[in-house]
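Chains, contacts and geometry: an overview
What follows is the residue order along each chain.
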Amino acid sequence: MSTSDEKYLYYASTLAVYCLNKKTFAIEKILSSSERPIRHMTVSPHGNDMLATSSMDGTMACWNVENEDIICKTKSSVSTDRFVLDWDPHNPNRILMVTCNGLLKGSLWQVD
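None of these values were measured; they are calculated from a predicted model. (Residues numbered from 1 in each chain as written. Predicted model: local features only at pLDDT ≥ 70, side-chain atom pairs only at ≥ 80, totals over all residues. Heavy atoms only, no water.)

Looking at the sheet that holds strand S3 (residues 27–31)
Read across the open sheet, the 3 strands follow the order S1-S2-S3; overall the sheet is antiparallel. Each of the sheet's edge strands pairs with one partner strand only, and the pair in question is strand S1 (8–12) and S3. Taken over all neighbouring pairs, the strand axes of this sheet differ in orientation by 20° on average, direction set aside. Sheet analysis places strand S2 (residues 17–21) next to S3, joined by 4 bridges and oriented antiparallel. When the bridges of S3 are listed, Cys-19 appears paired with Lys-29. (Pairing = 2+ DSSP bridges. Helix = DSSP H or I, 4+ residues; strand = E, 2+ residues; numbered from the N terminus. Axes fitted to C-alpha atoms, helices over the stretch in contact; angles between N-to-C directions.)

What follows is the structure, encoded as structure tokens:
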């Protein structure tokens with residue numbers, strides 16, 4: 001996963017996100033906090049070095065990629081392993097989280 005203004009290519013393995021240098025393809029950072037496999041990740045379109053992940057245990061984490069720090073982390077009360085995340089195109093600190101447990105449910109996650 002990549003966008004044109006980033007310096008990294010992102011690859012999610014089972015329990016970590018690998019950040020590869022776009023020019024050399026060398027792994028520069030490894031982001032890991034999940035206890036279960038990562039199901040989805042999304043890169044902020046706002047150019048603020050942020051990436052969000054969701055894992056099969058319902059945990060969502062928002063990362064500052066450059067500092068390799070978790071900005072915030074939450075666990076969904078919905079019992080499902082199906083999460084899709086996407087950044088709000090108008091607010092760099094808000095993520096739409098959609099879950100599916102027989103019914104689709106959308107909610108906003110404020111990242112501060």
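Points about the side chain of Asn-21
Locating Asn-21 in the fold gives a position in strand S2. Of the polar contacts made by the side chain of Asn-21, one reaches the backbone nitrogen of Thr-24; its length is 3.0 Å. With sequence-adjacent residues up to four places away left out, Asn-21 is seen in contact with Lys-7, Tyr-8, Ala-26 and Glu-28. (Polar contact = N/O pair within 3.5 Å; in protein donor to acceptor, adjacent residues only side chain to side chain. Contact = heavy atoms within 4.5 Å.)

Things to note about the packing of aromatic side chains
Taken as a whole and assessed by the stated rule, the structure comprises 2 aromatic pairs. Note on Tyr-11 and Tyr-18: the rings are 6.3 Å apart at their centroids and 35° apart in plane angle, and the pair reads as tilted. (Phe/Tyr/Trp six-rings, centres within 6.5 Å; stacked < 30°, edge-to-face > 60°.)

Some points on empty space enclosed by the protein
Taken as a whole and assessed by the stated rule, the structure comprises 1 cavity of 30 Å³ or more. The space that makes up the largest cavity amounts to roughly 40 Å³. By residue class, the composition of the lining of the largest cavity is 5 nonpolar, 4 polar and no charged. (1 Å grid on protein atoms, 1.4 Å probe; cavity = no way out; pocket = protein on both sides within 12 Å on 5 of 7 lines; lining within 4 Å. Points joined across faces, edges and corners; volume = space filled by probe spheres on them. Nonpolar A, V, L, I, M, F, W, Y, C, P; charged D, E, K, R; others polar.)

Details of the environment of Thr-53
Positionally, Thr-53 belongs in strand S5 (residues 50–55). The spatial distance from the C-alpha of Thr-53 to the C-alpha of Leu-85 is 7.5 Å, given a sequence separation of 32 residues. For Thr-53, the contacting residues outside a window of four places in its chain are Val-17, Ile-38, His-40, Met-41, Thr-59, Met-60, Ala-61, Trp-63 and Leu-85.

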